[in-house]
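Structure assessment
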Amino acid sequence: MTARRTAIPEQDAPLPIDGRDEKAFGFWVYLMSDAIIFALLFATYIVLSGNTAGGPGGKELFDLKRAFAETMVLLVSSATFGLATVAMVSRDSSGVLRWLIVTFLLGAAFVAMELGEFRDMIAQGAGPDRSGFLSAFFTLVGTHGLHVSIGLIGIAVMCVQVVMKGLTNPVASRLYRLGLFWHFLDIVWVAIFSVVYLPGVLDG
């Protein structure tokens, strides 16, 4: 006699957050391709960092305190996204929403600070068309800021899905992949702070 299998209710089934499903694998492939793009932008910046065309360099333009504040804001946002993931594992929808909203606000603050930096530099006549150094800087940092903005849209969409659908397995899987993306951006920014801002302020 064949034993009858008992279906496990979705609300009691394990959440797909181990990164081994095919969708998560595809997203890892995407992140690797994105990492290659950022590596090329870093290489371009390093090559052009000394090409100021007689204009201002990093020592004159960069505000290390602001860059450090941006770094701390993004690091904290990565931690709050981690807390949202912990709440997701516990199937705590309100906790997920709470921490996603905090993460969104921190990410929005980061983007606002970055746009403020760009505005101040352009007001000083140090726009992306001023020199090869500034073109590379705006391209690298701006590409990262664009990714963070896309991440903010993703967080807003996930908040809506959690409210409308609850913490179903598909929603949890999407939230897991969005977390990979957000933590990846955190790592990229730490590299930007270390390769762009610190040497720019300390050199010369």
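The structure reproduced in this document is the subject of the present report.

Reading guide: rules and limits
Residues numbered from 1 in each chain as written. Predicted model: local features only at pLDDT ≥ 70, side-chain atom pairs only at ≥ 80, totals over all residues. Heavy atoms only, no water. Helix = DSSP H or I, 4+ residues; strand = E, 2+ residues; numbered from the N terminus. Buried < 20%, exposed > 50% of the residue type's maximum accessible area, 1.4 Å probe, protein only. Contact = heavy atoms within 4.5 Å. Areas by Shrake-Rupley, 256 points an atom, 1.4 Å probe, with all protein chains shown as cover. Axes fitted to C-alpha atoms, helices over the stretch in contact; angles between N-to-C directions. Parallel < 35°, antiparallel > 145°, perpendicular 65-115°, else oblique. Left-handed = near helix turned anticlockwise from the far one by under 90°. Nonpolar A, V, L, I, M, F, W, Y, C, P; charged D, E, K, R; others polar. Patch = residues over 30% accessible without salt bridge, like charges linked within 9 Å, V, L, I, M, F, W, Y side chains within 5 Å. Salt bridge = Lys/Arg side-chain N within 4 Å of Asp/Glu carboxyl O. Expected span 1.5 Å × (residues − 1).

**Some thoughts on the overall build of the protein**
Helix and strand counts for the protein stand at six helices and zero strands. With 204 residues in all, the protein has 44% of them scored as buried. For the protein, long-range pairs separated by at least 24 residues make up 83% of all intrachain contacts whose partners lie at least 6 apart in sequence. Counting every atom, the protein has about 10700 Å² of accessible surface; 68% of that belongs to carbon and sulfur.

**Considering the packing of helix α3 (residues 64-89) against helix α4 (residues 93-123)**
Running from N to C, α3 and α4 point in directions that differ by 160°, and their axes come no closer than 8 Å. Relative to α4, the element α3 is oriented roughly antiparallel. Our pair here, α3 against α4, has a crossing hand that is left-handed. Considering only residue class, the contact of α3 with α4 consists of 17 nonpolar, five polar and five charged.

**Here's the deal with a nonpolar patch on the surface**
A grouping of Phe-25, Trp-28, Val-29 and Met-32 is seen on the molecular surface, where their side chains present a nonpolar patch of about 430 Å² in accessible area. By secondary structure assignment, the location of Val-29 is in helix α1 (residues 22-48). With a relative accessible area of 38%, Val-29 lands in the partly exposed category.

**Looking at α3**
In this model α3 runs 38 Å from its N-terminal to its C-terminal C-alpha over 26 residues, within 8% of the 38 Å that 1.5 Å per residue would give. Those residues of α3 that are buried lie in contact with α4, α5 (132-165) and α6 (169-202). Backbone geometry just after α3 places Arg-91 at a positive phi near 55°.

**Overview of unusual backbone geometry**
Phi at Ala-53 takes a positive value of approximately 55°, unusual for a residue other than glycine. Structurally, Ala-53 can be placed in the loop between α1 and α2 (58-61). Looking at Ala-53, the relative accessible area reads 52%, which means it is exposed. Not every positive phi belongs to a glycine, and Arg-91 is a case in point at roughly 55°. Tracing the chain through its elements places Arg-91 in the loop between α3 and α4.

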